[in-house]
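# Remarks on the overall topology
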Amino acid sequence: MPQHTRFIDPSEQQPPSRSEVASRQAPAGGRTVADRVRGLIAAVNLRLFTASATIYIAAGSFVGFEGLAFLLGFAPLWPIAIPIVIAGVAVAGLVVRRVRRRRADSATTNNP
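Residues numbered from 1 in each chain as written. Predicted model: local features only at pLDDT ≥ 70, side-chain atom pairs only at ≥ 80, totals over all residues. Heavy atoms only, no water.

## Describing the overall build of the chain
Rule in force here: In DSSP terms, a helix is any run of H or I states spanning at least four residues, a strand is any run of E spanning at least two, and both are numbered starting from the N terminus. Here the term buried applies to any residue with accessible area under 20% of the maximum for its type, exposed to any over 50%, and partly exposed to those in between, with areas from a 1.4 Å probe on protein chains only. Here the Shrake-Rupley method, with its probe set to 1.4 Å, supplies the accessible areas, and only the displayed protein chains count as covering residues.
Counting its secondary structure elements, the chain contains 4 helices and 0 strands. Ordered by position from the N terminus, the helices and strands of the chain form the series α-α-α-α. Each of the 112 residues in the chain was classed as buried or not, and the buried ones make up 8%. Split by element, the accessible area of the chain, about 9,900 Å² in all, is 64% carbon and sulfur.

Structure follows, in structure tokens:
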């Protein structure tokens with residue numbers, strides 16, 4: 001059986017001393033190391049999420065969103081490869097576009 005605890009009336013409590021309050025506050029430098037690490041992890045996480053969303057949107061614009069939906073349909077088979085495949089498709093789209101531009105430029109310069 002638990003022992004009986006006496007109810008403490010808030011008027012009976014003593015306010016904390018200045019030294020107790022000072023010991024509970026953050027160090028003089030500002031944030032603690034743990035807070036800095038948490039902030040760094042949050043910043044990196046935000047940048048990775050932004051980069052991931054950018055890659056998905058870029059790949060969707062290159063292969064069409066129907067093609068992107070087809071690629072994402074294979075996600076249950078090998079989910080870790082989907083961002084890599086989409087990034088590869090986006091890079092391939094950039095290369096194809098650049099090659100077409102160079103061919104068009106060389107065709108216009110060779111034919112006066």
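## Description of the nonpolar core
Quick note on the threshold: What we call a nonpolar core is a set of buried Ala, Val, Leu, Ile, Met, Phe, Trp, Tyr and Cys residues that are connected through their side-chain atoms within 4.5 Å.
Listed in full, the 6 residues of the largest apolar core are A59, L68, L71, I82, I86 and A90. Contributing elements (two or more residues each) for this core: α3 (65–73) and α4 (81–110). Looking at this core, the element that brings in the most residues is α4, giving 3 residues.

## Quick look at the confidence of the model for the chain
To be explicit about the condition: Scored between 0 and 100, pLDDT is the confidence that the predictor attaches to each residue.
The predicted model of the chain averages 76 in pLDDT, with 71% of residues at 70 or higher. For the chain, per-element mean pLDDT is lowest for helix α1 (residues 18–24), which scores 66, and highest for helix α2 (residues 33–63), which scores 85.

## Observations concerning the environment of L71
This is how it is decided: The contact definition used throughout considers only heavy atoms, calling two residues in contact when any of these lie within 4.5 Å.
Looking at where L71 falls in the secondary structure, it is placed in helix α3. Given the relative accessible area of 19%, L71 is considered buried. In this structure the C-alpha to C-alpha distance between L71 and I82, which are 11 residues apart in sequence, comes to 7.2 Å. Residue contacts for L71: discarding those within four places in its chain leaves I82, V85, I86 and V89.

## What about α2?
Since the α-helix turns once every 3.6 residues, residues separated by three or four places project in the same direction. Going by this rule: Expected helix span is taken as 1.5 Å per residue step, with the number of steps being one fewer than the number of residues.
Across its 31 residues, α2 extends 45 Å between first and last C-alpha, which sits within 8% of the 45 Å expected from 1.5 Å per residue. Two residues or fewer after α2 comes G64, characterised by a positive phi angle close to 85°.

## Notes on the packing of α2 against α3
Counted only if it meets this: Where helices are involved, their axes are fitted lines through C-alpha atoms of the stretch in contact, as for all axes, and angles between N-to-C directions lie from 0 to 180°. Angular relationships are summarised with four words: roughly parallel below 35 degrees, roughly antiparallel beyond 145, roughly perpendicular across 65 to 115, and oblique for the angles in between. Residue polarity is assigned by list, with Asp, Glu, Lys and Arg as charged and Ala, Val, Leu, Ile, Met, Phe, Trp, Tyr, Cys and Pro as nonpolar; anything else, Gly included, falls into the polar class.
Across the interface, α2 lies against α3 with an axial gap of 6 Å and an inter-helix angle of 120°. In this view, α2 runs oblique relative to α3, as classed from their interaxial angle. Residues Y56, I57, G60, S61 and V63 of α2 form the contact with α3, whose participating residues are F65, G67, L68 and L72. Grouping the constituent residues of the contact of α2 with α3 by class yields 6 nonpolar, 3 polar and no charged.

## A word on the environment of V89
Mapped onto the fold, V89 is located in helix α4. In sequence terms V89 and G60 are 29 residues apart; their C-alpha atoms lie 9.3 Å from each other. The residues contacting V89, other than those within four sequence positions of it, are V63 and L71.

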